[in-house]
Amino acid sequence: MHYINHYNSPLGKITFASNGKELTGLWFNGQKYFASTLTKEYEQKNLTVFEQTAKWLDIYFSGKNPDFTPPLYLSSTQFRNEVWKILLAIPYGSVITYGGIADIMAKKRGAENMSAQAIGGAVGHNPISIIVPCHRVMGKNGSLTGYAGGVDIKEKLLKIENAL
């Protein structure tokens, strides 16, 4: 069974999803791929993981770097999981390009190179926005490109972190 709850952020309403123990989704309402990890049947419920996630977001939206991460459950292809692990390692207030992640993935896999577009696809399907910081990934030359929640929200998130 999956569960959901909601959070009113300064940037709009957010929906959380959980398997009962870990966070499986966090989306701005209406964003691309909204509820991608939810099963057809779910119920709204207050869970400890949702309380932890709301606390994390309260700290984040106050302009501070939360010093903990709620329990996360990320499950997809091996490729996407590897990309999402790289996203989790991007420090608060820092950015990286899609090409930079492609270089990391190529080295990790012993390949000469990797497609930045493939990285973009994985980043775009990240089901746990903000906490798995896909907003910290930039296009070539630092351009603000691609964000499932909208480029305007991406820009605001980066400004919260003083990354712009």
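So, here's what we can say about the structure.

### Some remarks on the sheet that holds strand β1 (residues 2–9)
Part 1 of the reasoning: Strand order in this open sheet of four strands is β3-β2-β1-β4, and the pairing throughout is mixed. Only two strands of the sheet have a single partner each, and these edge strands are β3 (23–28) and β4 (42–44). Each adjacent strand pair in this sheet contributes to an overall mean axis angle of 25°, direction not counted.
Part 2 of the reasoning: In this sheet, β4 lies alongside β1 in parallel orientation, the contact comprising three bridges. For H2, the partnering residue across the bridge sits in β4 and is Y42.
Part 3 of the reasoning: Helix α1 (residues 48–61) rests against β1, β2 (12–18) and β3 of the sheet, and its axis sits at about 145° to β2.

### Quick look at the packing of helix α3 (residues 98–109) against helix α4 (residues 116–124)
Part 1 of the reasoning: Orientation of α3 relative to α4, taken along the N-to-C sense of each, is 100°, at an axis distance of 8 Å. Here α4 runs roughly perpendicular to α3, going by the angle between their axes. Side by side, α3 and α4 meet where Y98, G99, I101, A102 and M105 of the first sit next to A116, I119, G120 and V123 of the second.

Basis of the calculations
- Residues numbered from 1 in each chain as written.
- Predicted model: local features only at pLDDT ≥ 70, side-chain atom pairs only at ≥ 80, totals over all residues.
- Heavy atoms only, no water.
- Pairing = 2+ DSSP bridges.
- Helix = DSSP H or I, 4+ residues; strand = E, 2+ residues; numbered from the N terminus.
- Axes fitted to C-alpha atoms, helices over the stretch in contact; angles between N-to-C directions.
- Contact = heavy atoms within 4.5 Å.
- Parallel < 35°, antiparallel > 145°, perpendicular 65-115°, else oblique.

Everything listed here is a matter of coordinates, which is why it stays silent on function.
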